[in-house]
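As a plain string of letters, each chain reads:
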Amino acid sequence: MTQLLTGKEPAQAIKDEVAERINALNKRVGLATVLVGDDPASEVYVRMKHKAAATVGMYTYDHHIPGDTPQDEVEDLVRGLNADPAVDGILVQLPLPDGLDPDAVIDLIEPGKDADGLHPHSLGLVVLERSGGAVPATPQGIMRMLDYYDIETEGKLAVIIGRSRLVGRPMGLLLNHKSANATVVFAHSRTRDLPAITRQADILIVAAGRPGLVTADGVKPGAVVVDVGINRVDEKLVGDVDFESISEVASAITPVPGGVGPMTIASLLLNTVVLAESRIAAGT
Ligand code: NAP
């Protein structure tokens, strides 16, 4: 029987940990979100993040600004949040509207407040397998999920579809760390014969944003399939994999929605409290 890897329970375990750590700090912990424009999906994600923060006793500061805000004003907002002592973590909701440079905005976030773990400094620490920074929220959440469900990564062949700054690339790095010891292959839009590559995977992580990209013929019997994709098709949320057919082949699979999404949010909260603890320890 295929195991359903739901995010609800492991995400709750992380949120319980975050709530305890906030309590122990005896200080308000604040997460600031920056949402530029009116993308309905982004609005939903930010609302969910605020709601989840409230359940663990974290304060949130909501900065929702118009989609035609110029680059320099978005950057000034981030600079202001960097300087605001009430803010422990800053999240810039991606994607930004066309015409804005997301890298320039993310690069401006003070690394000590980089709640999503996307600043080059945070990613550099992940490359070097060093602690002390925020770990990208979605890949961190997936690692936590694999751990929660006792899915062994050591010596396994992990194929990641996608190599973005947000998901694919850091995902592969975390699986490659000595704490996980998977053998990692990155696939992307130029990969030839994708099913031939994915069929070899013991662990298949799909983060392409392409509904139906992977079907049962691209999955090895008994593989673990983690579907990161979130796509709206005919008013329904679907992932990147054909859930029905793959459920017949895989040993375990994440649902969409209700799989990776809750883990991303919980990891964002965890990053924020870890950053708050570091700031207190450093006396800043
Ligand atoms: P992205 O920046 O657009 O990156 C997509 C990656 O997929 C790229 O590396 C791209 O290859 C690759 N790709 C695209 N089409 C492909 C194809 N036909 N075959 C093989 N590879 C292909 O997207 P992202 O930010 O990483 O997000 C990926 C998906 O995850 C989206 O659906 C997003 O909404 C979702 N997401 C979910 C969560 C969650 O919490 N569940 C969090 C973040 C993102 P190239 O590099 O060659 O272009």
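Values in this document were obtained by computation on a predicted structure and should not be read as measured data.

Moving on: the domain arrangement of the protein chain. As far as domains go, the protein chain holds domain 1 (24-111) and domain 2 (137-261). Spacing between the C-alpha centres of domain 1 and domain 2 amounts to 28 Å.

The next thing to look at is the site of the ligand. Around the ligand sit 21 residues in total, of which Arg-163, Ser-164, Ser-189, Val-228 and Thr-264 are the nearest. Measuring from an oxygen atom of the ligand, one finds a side-chain N or O atom of Arg-163 at 2.7 Å. One of the side-chain nitrogen or oxygen atoms of Ser-164 is found 2.5 Å away from an oxygen atom of the ligand. Here the ligand has 930 Å² of accessible area as a free molecule, and 72% of this is covered by the chains. Assessed atom by atom at 2 Å from the grid points, the ligand resides in the largest pocket. Looking at which element gives the most residues to the shell around the ligand, the answer is helix α10 (residues 260-282), with three residues.

Below, the discussion takes up the environment of Leu-96. When you line up the elements, Leu-96 lands in the loop between β4 (89-92) and α4 (102-108). Residue Leu-96 is classed as buried on the basis of its relative accessible area of 9%. Residues Leu-96 and Ile-109, spaced 13 residues apart in sequence, show a C-alpha to C-alpha distance of 15 Å.

This structure, assessed with the given rule, holds one aromatic pair. Considering the side-chain rings of Tyr-148 and Tyr-149, the 5.1 Å spacing of their centres and the 80° angle between planes classify their relative orientation as edge-to-face. Taking the relative accessible area as the measure of exposure, Tyr-148 reaches 40% and is therefore partly exposed. One Lys or Arg, Arg-28, reaches over the ring of Tyr-59 and ends 3.5 Å from the middle of that ring.

Here we take up the nonpolar core. Of all hydrophobic cores here, the largest spans 42 residues; its most connected members are Val-18, Met-58 and Ile-205. Listing elements by their share of this core, those giving two or more residues are α1 (8-25), α2 (40-55), α6 (137-148), β5 (157-161), α7 (168-176), β7 (203-206), β8 (224-227) and α10. Here this core gets nine residues from one element, more than from any other, and that element is α10. When residues of this core are sorted by domain, at least three fall in each of domain 1 (24-111) and domain 2 (137-261). Excluding anything up to four places from it in sequence, Ile-205 contacts Ile-142, Val-159, Ile-160, Ile-161, Met-171, Leu-175, Val-226 and Val-228.

In this section: empty space enclosed by the protein. The tally for this structure, following the rule as stated, stands at one cavity of 30 Å³ or more. Counted as a void, the largest cavity has a volume near 40 Å³. Surrounding the largest cavity, Ile-90, Leu-91, Val-92, Ile-106, Ile-109, Asp-114, Asp-116 and Leu-118 form its lining. Take the lining of the largest cavity: its biggest share by element is three residues, from β4.

In this section: the environment of Pro-170. Residue placement: Pro-170 occurs in helix α7. When the C-alpha atoms of Pro-170 and Ala-250 are compared, they prove to be 24 Å apart, with 80 residues separating the residues in sequence. Excluding its chain neighbours within four sequence positions, the residues that come into contact with Pro-170 are Leu-123, Pro-136, Pro-139, Ser-164 and Arg-165.

In this structure the tally under the stated criterion is ten salt bridges. The partner of Lys-27 in a salt bridge is Asp-88, and the shortest N-O contact between them spans 3.2 Å. Separated by 61 residues along the polypeptide, Lys-27 in the loop between α1 and β2 (30-36) and Asp-88 in the loop between α3 (71-83) and β4 bring together distant segments of the chain. On the basis of relative accessibility, which here comes to 31%, the residue Lys-27 falls in the partly exposed class. Note on Asp-88: relative accessible area 0%, which makes it buried. Note that Glu-75 and Arg-79 form a salt bridge whose closest N and O atoms lie 3.8 Å from each other. Of the two residues, Glu-75 and Arg-79 both sit in helix α3, four residues apart, roughly one turn of that helix. Glu-75 sits in the buried class, given a relative accessible area of 16%. Members of the salt-bridge network, linked through shared partners, are Glu-17, Arg-21, Arg-144 and Glu-277.

Of the volumes computed, that of the largest pocket is approximately 1,400 Å³. Forming the walls of the largest pocket are 47 residues, and the residues nearest its centre are Tyr-45, Val-228, Ile-230, Gly-261 and Thr-264. Breaking the lining of the largest pocket down by element, the ones donating at least two residues are α1, α2, β4, α6, β9 (231-233) and α10. For the lining of the largest pocket, the element with the highest residue contribution is α2, accounting for ten residues.

Parameters at a glance
Residues numbered from 1 in each chain as written. Predicted model: local features only at pLDDT ≥ 70, side-chain atom pairs only at ≥ 80, totals over all residues. Heavy atoms only, no water. Domains from an automatic or database assignment. Near = heavy atom within 4 Å. Polar contact = N/O pair within 3.5 Å; in protein donor to acceptor, adjacent residues only side chain to side chain. Areas by Shrake-Rupley, 256 points an atom, 1.4 Å probe, with all protein chains shown as cover. 1 Å grid on protein atoms, 1.4 Å probe; cavity = no way out; pocket = protein on both sides within 12 Å on 5 of 7 lines; lining within 4 Å. Sits in = over half its atoms within 2 Å of the grid points. Helix = DSSP H or I, 4+ residues; strand = E, 2+ residues; numbered from the N terminus. Buried < 20%, exposed > 50% of the residue type's maximum accessible area, 1.4 Å probe, protein only. Phe/Tyr/Trp six-rings, centres within 6.5 Å; stacked < 30°, edge-to-face > 60°. Lys NZ or Arg CZ within 6 Å of the ring centre and 35° of its normal. Core = buried A, V, L, I, M, F, W, Y, C linked by side-chain atoms within 4.5 Å. Contact = heavy atoms within 4.5 Å. Points joined across faces, edges and corners; volume = space filled by probe spheres on them. Salt bridge = Lys/Arg side-chain N within 4 Å of Asp/Glu carboxyl O.

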